[in-house]
Amino acid sequence: MSFVFNNSFARLPARFYVRQHPLPVSAPRLVRLNRALAGELGLDLSWLNSPEGIAVLAGNGVPAGAEPLAMAYAGHQFGGFVPRLGDGRAILLGEVLSPQGVRFDIQLKGSGRTPFSRGGDGRAWLGPVLREYIMGEAMHALDIPSTRALAAVATGDPVYREGELPGAVLTRVARSHVRVGTFEYFAARGDTEALRLLADYVMARHYPEAVQSDRPCLALLEGVIGRQADLIARWLAVGFIHGVMNTDNMSIAGETIDYGPCAFMDAYHPESVYSSIDHGGRYAYGNQPQIAQWNLLRLAECLLPLLDEDQDKAMEAAQSAVDAFPGRFEAARLERFRAKLGLAAALSGDTLLIDDLLQVMVESRADFTNAFRALCDAAAGSDAGFLTEFGDSRAAPEWLRRWRARLQQEPLAADLRASRMRRANPAVIPRNHRVESALAAALEQDLAPLDKLLQVLATPWEDDPRSLPYRSPPQPHEVVHQTFCGT
Ligand code: AMP
Ligand code: MG
């Protein structure tokens, strides 16, 4: 049985999208199907795996109930406003309801040109498609809200970038594909009616509590701000760098979306940048909270006509909502990093204790993931691994002493603390060199390294011996210095 579509976005007025079918491809071949996700969505695995299912996942067939469309949106890209971006290489097939009644978009990415394609070919190639697959699954396993890949299909058609590359289509599953840039699209046109419809749509779909509020639109803005504060704190807690936090790549539902030149840090440094297109470091690891706030201010500006008839009052409400972001972010960050340090109680010196550890990491070029994971062993009484991460640093043992003194004020028993910390400090992340080598093998038709990587990333909190090779930082010759957006 095909998808059982239950579409809502297609009910919005025609100016929200362009109806557009995916364009056919020559020879679809299923590269990977996400069985776990299919199960969670209650989809029919044998249909997805059938020639008919694969044809749909490649864009060669449009099943009954689908209402394929390319969504309209605008966006600030690296700070500059582009009034019309839209789905230039993606098609929303429709929406499905999970067995729990949660609504998800089913989108094909790389499915051919649309009226939003500008100069692009509307296509994607296998490398970035599989990269997005890996990253979304890793984030999901790390308890970080994210879009996910249902399938990756090779098209049999070449795509021309730096050379000829194998084309592919990703089936993306998201809470929705509404972005900050969707609001910007209508705000830039002065289309207040569309803004109101969009706000109502988003509230009903993602923020039902806002509908009940005295000031629904303000509650919506505050809801988006709260989810972004939590999301960015979760990114920072695992060393994730999104790489292109343009407003068109910021989901209104609070999911991580649009995996392009993203990366996980190995050695900790707040100025880390991997993206080949981020020359100024605008989207560096440590800048992400400020950029999120900047993007949220753009959203707040869009909502001004809906916030209050009196524009001065609207401005005041919008500004104070956005001004609350740093506090909300810092609370979320403290919650994450307290958990990483095994602190259940919240004491006033905790921020300093956390930030001093990060500073020692900078000085020792400690591996972010492994240093925190080794701290779990220190919590269980074994300091050697942690100290090794810091080389001959004298600051590291000193910091451990302060941490132990702080633990005196904790109610938890040591072994319980260590096991809780292992649920806050992953053993495995998708290290860039591992991702690149799995992709390189996949491009040579060897999917075994990709399968193995995905398997290990699915249980990031376990001390599984099979994950050991994936836990080492890169050797000097393996270091990945740059990641690419792959459009
Ligand atoms: P992204 O950098 O993937 O977030 O995309 C930014 C904008 O460029 C969106 O409007 C995309 O739809 C569009 N875009 C990116 N790659 C392509 C492509 N190969 N063909 C057409 N449009 C594209
Ligand atoms: Mg994008």
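Preceding this section is the structure that the text describes.
Criteria and cut-off values
- Residues numbered from 1 in each chain as written.
- Chains lettered and ligands numbered in written order.
- Predicted model: local features only at pLDDT ≥ 70, side-chain atom pairs only at ≥ 80, totals over all residues.
- Heavy atoms only, no water.
- Helix = DSSP H or I, 4+ residues; strand = E, 2+ residues; numbered from the N terminus.
- Rg over C-alpha atoms; globule rule 2.2 N^0.38 Å.
- Buried < 20%, exposed > 50% of the residue type's maximum accessible area, 1.4 Å probe, protein only.
- Contact = heavy atoms within 4.5 Å.
- Areas by Shrake-Rupley, 256 points an atom, 1.4 Å probe, with all protein chains shown as cover.
- Lys, Arg positive; Asp, Glu negative; His and termini not counted.
- Charge placed at Lys NZ, Arg CZ, Asp CG, Glu CD.
- Near = heavy atom within 4 Å.
- Polar contact = N/O pair within 3.5 Å; in protein donor to acceptor, adjacent residues only side chain to side chain.
- Nonpolar A, V, L, I, M, F, W, Y, C, P; charged D, E, K, R; others polar.
- Pairing = 2+ DSSP bridges.

Scanning the protein for helices and strands turns up 18 helices and 12 strands. For the protein, the C-alpha radius of gyration of 23 Å lies close to 23 Å, the compact-globule estimate for 487 residues. Along the first, second and third principal axes, the C-alpha atoms of the protein reach 65 × 60 × 45 Å. The proportion of buried residues among the 487 residues of the protein is 58%. If you take every contact in the protein between residues at least 6 apart in sequence, the share linking residues at least 24 apart comes to 72%. Only carbon and sulfur atoms are counted for the fraction: they give 53% of the accessible area of the protein, which is about 19,100 Å². Charged side chains in the protein number 49 positive and 57 negative. The centres of these two groups are separated by 2 Å.

What follows concerns the site of ligand 1. Looking at ligand 1, there are 18 residues lining it, with G86, G88, R118, D121 and G122 nearest. The backbone of R123 places a nitrogen or oxygen atom 3.3 Å from a nitrogen atom of ligand 1. Contacts to ligand 1 include D258, whose side-chain N or O atom sits 3.4 Å from an oxygen atom. Considering only residue class, the shell around ligand 1 consists of 2 nonpolar, 8 polar and 8 charged.

The pairing of strand β2 (residues 29-33) with strand β9 (residues 148-160) spans 4 bridges and is classified as antiparallel. Across the sheet, R32 pairs through a bridge with A152, a residue of β9. Relative to strand β10 (residues 164-174), β9 is paired through 9 bridges, and the arrangement is antiparallel. Considered in β10, the bridge of A152 is made with L170. Between β9 and β10, which pair antiparallel and follow one another directly, the connecting turn spans 3 residues.

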